[in-house]
Amino acid sequence: MHTYVCLKVSSFDFTPRYSVITYASQIKKIVTLSESEINTEAEKVIEEIKKFKYSAHDDKQGTNTRGALQEVYNQLSLDNERNKNFLEHSNIIILLTDGKHNMGGDPSVEVNKIREFLDIRKDHREDKLDIYVFGLGDEISQIELNDIASKKDREKHVFQMENVDALKNAFDEIIGES
């Protein structure tokens, strides 16, 4: 089963750029920040997601959350080299996980690298990064989700869901549609 979520961004004064990564034991790139002919058009991104076959993950036994976040870091680094105004842009990371990494090491290490790279510190540039974490299933590690997610006053960045159907409601809550 595939679920696709489209966020309403038409009321904002920017053109979003998308990167879509899927992971289990290995990381698979569906759309990257460097694919300028695709990454700014939501419809094309959705087409690429639909083309992806989950069976491409030969070994589905692992949850390599750190590896996925390392790929995010790599793409941000490359984007920084290509874009002189890179640090002026905001970045949103949306991570869907079963909530427990079991390979690749501690994912919070990569979160710290991303925050350092973007020069995000307490009360300094916090508005330039939001990391939303969606834990899916009934054996979620709340500690792990909290370690990865952004921590901002009066904003929710961690969502626990029993099933995929709850995902739309969580996105509606993020963009203030609930």
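Computed from a prediction, not measured in an experiment: that's the story for all the values here.

Examining the sheet that holds strand β5 (residues 158-161)
Here's step 1: The three strands are arranged β3-β4-β5 in an open sheet whose pairing can be described as parallel. Only two strands of the sheet have a single partner each, and these edge strands are β3 (91-97) and β5. Across the sheet, the mean angle separating the axes of adjacent strands is 15 degrees when strand polarity is ignored.
Here's step 2: Sheet topology note: the β3/strand β4 (residues 129-136) ladder contains seven bridges and is parallel. Within β4, the position partnered with I93 by the bridge is I131.

Structural notes on unusual backbone geometry
Here's step 1: Positive phi values are uncommon outside glycine, yet D119 reaches one of about 60 degrees.
Here's step 2: Position of D119 among the secondary structure elements: in the loop between α3 (107-117) and β4.
Here's step 3: We note that R125 has phi near 65 degrees; this positive angle belongs to a residue other than glycine.

Side note on the pairing of β4
Here's step 1: Among the eight residues of β4, seven are classified as buried, and the element is accordingly described as predominantly covered.
Here's step 2: Read from β3 through α3 to β4, the crossover connection turns out right-handed.
Here's step 3: Pairing geometry for β4 and β5, over four bridges, is parallel. Counterpart to F134 in the pairing with β5 is F159.
Here's step 4: In this fold, the crossover linking β4 to β5 by way of helix α4 (residues 142-148) has right-handed handedness.

Things to note about the environment of N64
Here's step 1: You can see N64 is positioned in the loop between α1 (42-51) and α2 (65-82).
Here's step 2: Residue class for N64 comes out buried when judged on its relative accessible area of 11%.
Here's step 3: For the pair N64 and G105, spaced 41 residues apart in sequence, the C-alpha to C-alpha distance is 7.7 Å.
Here's step 4: With residues near it in sequence (within four places) discarded, N64 still touches Y23, A24, S25, I27, M103 and G104.
Here's step 5: Only 2.8 Å separates the side chain of N64 from the backbone nitrogen of G67, close enough to count as a polar contact.

Cut-offs used in this document
- Residues numbered from 1 in each chain as written.
- Predicted model: local features only at pLDDT ≥ 70, side-chain atom pairs only at ≥ 80, totals over all residues.
- Heavy atoms only, no water.
- Pairing = 2+ DSSP bridges.
- Helix = DSSP H or I, 4+ residues; strand = E, 2+ residues; numbered from the N terminus.
- Axes fitted to C-alpha atoms, helices over the stretch in contact; angles between N-to-C directions.
- Buried < 20%, exposed > 50% of the residue type's maximum accessible area, 1.4 Å probe, protein only.
- Right-handed = clockwise from strand over helix to strand, strands pointing away.
- Contact = heavy atoms within 4.5 Å.
- Polar contact = N/O pair within 3.5 Å; in protein donor to acceptor, adjacent residues only side chain to side chain.

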